[in-house]
Amino acid sequence: MSTPTPLEAAALDALRSVIDPLTGQDWVSTRHLKSLTVQNGQARVEIALGYPARSQWPAYTALIEAALKPVDGITAVDVAWSTQILPHAASRGQALLPGVKNVIAVASGKGGVGKSTTAVNLALALAAEGARVGMLDADIYGPSQPLMLGIQGKPPSPDGKTITPPVNHGLQMMSIGLLVENQAATIWRGPMASQAFDQLLRLTNWGQTPEEGGQPLDYLVVDMPPGTGDIHLSISQRAPLTAAVIVTTPQDIALLDARKGLQMFEKVSVPVLGVVENMAVFCCPNCGHEEHIFGQDGGVRMAEEFHVPLLGSMPLDLKIRLQADSGQPTLVAEPDSKVAGLYKDMARKLAAGLSKLPKDYSGKMPAVSVQSKG
């Protein structure tokens, strides 16, 4: 920004007091404020958030208005919002995927806790909030994302080597389930499954790279297989993961395995953005009575134990399962419902947490050429 006038300087000081509700930081010092001008009493503010939160723009505008209108000389405030999601450093210093800025693993450690349903709804929630999102089904033995996203048929290959991911509900998606004939069982040993995942990850044409004249995906959500065995360790070490999310139920048995999953990511230096407590409470649709069928506050205790955020607690709701099984997940079937709002809230929290991780600047490094003398 150019040198501010005294009134603009006063407005800038006022904006420093406005704290982002999700990051706990102000938008001035973090350089999300792109411009601030005051002319004829009207303040014009441009802010580019580092995470998708389109539904929160009106509320954030109210925060800025409350800070600027008391400034003497400002009578009106106009705020322009945009989303600018940057690439963040991958684990173990790995190079980023072409066409992908950030890779988020959604894991559970145990099957049957609703991890895949949570993963697809979080991906759809990120997209609904303004991000470009893809989904990679890493469960080689039990792929479920083709069913949940209503995608069938083999995807095209433009060159016989790479794969163009199909798109539905605004998400790019790739899964071994689209390549195996007639939903046949994948009876492969660990090394074969790991190699298959590596090919799905790296031979899929994610997003549209700048070289192709388009924009990369802001997030690639990876639906991890349950467990913490050889294939999970291979995925964690070989994929350029930016961060991970752990899904569990409040049940002690589920928490036992979820802890192992979280510890696995810690050992391979993958930051954990938080815990999702699934099936936390059942509300009777007839009388409204609430019952904690799988225990209470297990996810809360786990989050406190490992010093990570509790992203949210989801109810045990028949609709969530029926909608996912029909290929119309909750964010598609009922985008304005209370449950969809809970998914969006969790998606904003995890994206805001990711935005505070170290950035990847490899794409900004100048090219170095070696020339012979003379």
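So, how was this worked out
Per chain, residues are indexed from 1 in the order of the written sequence. Selection of residues for local features in this predicted model requires a pLDDT of at least 70, selection of side-chain atom pairs for listing and counting requires 80 or more, and totals for whole chains, interfaces and linings are taken over all residues. In computing side-chain values, all of the structure's heavy atoms are included and hydrogens and water are not. Take a side-chain nitrogen of Lys or Arg and a carboxyl oxygen of Asp or Glu: if they are within 4 Å of each other, that pair is a salt bridge. Starting at the N terminus, helices and strands are each numbered in turn, a helix being any DSSP run of H or I of at least four residues and a strand any DSSP run of E of at least two. DSSP-based pairing: two strands are paired if at least 2 bridges between them are found. Only the stretch in contact is used when a helix axis is fitted, and all axes are lines through C-alpha atoms; the angle between N-to-C directions ranges over 0 to 180 degrees. Residues are treated as being in contact if the distance between any of their heavy atoms lies within 4.5 Å. The span you would expect from a helix comes to 1.5 Å times its residue count less one. Here the term buried applies to any residue with accessible area under 20% of the maximum for its type, exposed to any over 50%, and partly exposed to those in between, with areas from a 1.4 Å probe on protein chains only. This arc describes the spread of directions from the helix axis toward the C-beta atoms. When the strands point away from the viewer, a crossover counts as right-handed if the path from the first strand over the helix to the second runs clockwise. We call a set of buried Ala, Val, Leu, Ile, Met, Phe, Trp, Tyr and Cys residues a nonpolar core when their side-chain atoms join them within 4.5 Å. Only centres within 6.5 Å qualify two rings of Phe, Tyr or Trp (six-membered ring in Trp) as a pair; their planes then separate them into stacked at under 30 degrees, edge-to-face at over 60, and tilted for everything else. Two N or O atoms form a polar contact when they lie within 3.5 Å of each other; inside protein one atom must be a possible hydrogen donor and the other a possible acceptor, and for residues adjacent in sequence the pair counts only when both atoms belong to side chains.

(A) Just the pattern of salt bridges, in detail. In the structure shown here, the tally under the stated rule is 12 salt bridges. Among the salt bridges present, the one from E129 reaches R348, with a minimum N-O distance of 2.7 Å. A residue pair is termed long-range when its members are at least 10 positions apart, and E129 in the loop between α3 (115-128) and β5 (133-137) and R348 in helix α11 (residues 338-355) qualify at 219 residues. A salt bridge links K319 to E334; the shortest N-O distance between them is 3.2 Å. Here K319, found in helix α9 (residues 318-325), pairs with E334, found in the loop between α10 (330-333) and α11; they are 15 residues apart in sequence, far enough to count as distant. In this structure, a network of salt bridges that share partners links the residues E129, D345, R348 and K349.

(B) Expanded view of the sheet that holds strand β3 (residues 76-83). Pairing is mixed in the open sheet, where three strands are placed in the order β1-β2-β3. If you trace the sheet from one side to the other, it starts and ends with β1 (33-39) and β3, each paired once. Recorded for the sheet is a direction-independent mean angle of 10° between the axes of neighbouring strands. Sheet topology note: the β1/strand β2 (residues 42-49) ladder contains six bridges and is antiparallel. Residue pairing across strands places Q39 opposite Q42, the latter belonging to β2. Along the sheet, helix α1 (residues 6-15) contacts β1 and β2; its crossing angle with β1, the most-contacted strand, is approximately 135°. Contacts from helix α2 (residues 57-68) reach β2 and β3, with the element oriented near 140° to β3.

(C) Molecular detail of α2. Over its 12 residues, α2 runs 16 Å from end to end, which matches the ideal 16 Å to within 8%, given 1.5 Å per residue. When we look at burial in α2, the residues that qualify are W57, Y60, T61, I64, A67 and L68. Down the axis of α2, the sector holding all buried residues measures 125°, keeping them to one side. Away from its buried face, by an angle of more than 90 degrees, α2 presents the exposed residues P58 and A66. On its buried side, α2 packs onto α1, β2 and β3.

(D) Representation of the pairing of strand β9 (residues 243-248). Among the six residues of β9, six are classified as buried, and the element is accordingly described as predominantly covered. In β9, alternate side chains face the same way, and those of A243, V245 and V247 on one face and A244, I246 and T248 on the other are all buried. Across four bridges, the pairing between strand β4 (residues 103-107) and β9 is parallel. When the sheet's bridge partners are listed, A105 is paired in β9 with A244. Note on the crossover from β9 through helix α7 (residues 252-267) to strand β10 (residues 272-277): the handedness is right-handed.

(E) Seen up close, the nonpolar core. L15, L49, I64, L68, W81, Y219 and Y343 are the most contacted members of the largest nonpolar core, which totals 69 residues. Of the residues forming this core, the biggest block, nine residues, is contributed by α11. Among all residues touching I64, those that are not within four sequence positions of it are L15, W27, I47, V77, V79 and W81.

(F) Examining the packing of aromatic side chains more closely. For the structure shown, the criterion picks out three aromatic pairs. Summarising the aromatic geometry, the rings of W27 and Y60 are spaced 5.5 Å apart at their centres and angled 50° between planes, so their arrangement reads as tilted. Placement of W27 in the loop between α1 and β1 and of Y60 in helix α2 is noted, with a sequence separation of 33 residues between them. Between Y60 and W81, the aromatic rings sit 5.9 Å apart at their centres with planes inclined by 55°, giving tilted as the arrangement. Taken together, the positions of Y60 in helix α2 and W81 in strand β3 put the pair 21 residues apart, joining distant regions of the chain. There is no split in this pair, since Y60 and W81 are both buried. In this structure an aromatic cluster arises from ring pairing among W27, Y60 and W81.

(G) Local environment of the sheet that holds β10. Pairing in this open sheet of eight strands is mixed, and the strands run β6-β7-β5-β8-β4-β9-β10-β13 from one edge to the other. Sheet topology places β6 (167-168) and β13 (310-313) at the edges, where each strand pairs with a single neighbour. Both β10 and β13 contribute to a ladder of three bridges, which runs parallel. Bridge pairing in β13 links E277 to S313. Where α7 meets the sheet, its contacts fall on β4, β9 and β10, and the angle it forms with β9 comes to roughly 175°. Along the sheet face, helix α8 (residues 298-306) touches β9, β10 and β13 and points at about 165° away from the line of β10.

(H) Layout of the side chain of T242. Structurally, the position occupied by T242 is in the loop between α6 (230-238) and β9. Its relative accessible area of 1% is what places T242 among the buried residues.

(I) The arrangement of the side chain of T330 in detail. Relative to the assigned elements, T330 resides in helix α10. Judged by its relative accessible area of 1%, T330 is buried. In this structure the side chain of T330 is engaged in a polar contact, spanning 2.7 Å, whose partner is the side chain of Q323. Setting aside residues up to four positions removed in sequence, T330 forms contacts with N121, I320, Q323, P335, S337, V339, A340 and Y343.

Keep in mind these values describe shape, not function.
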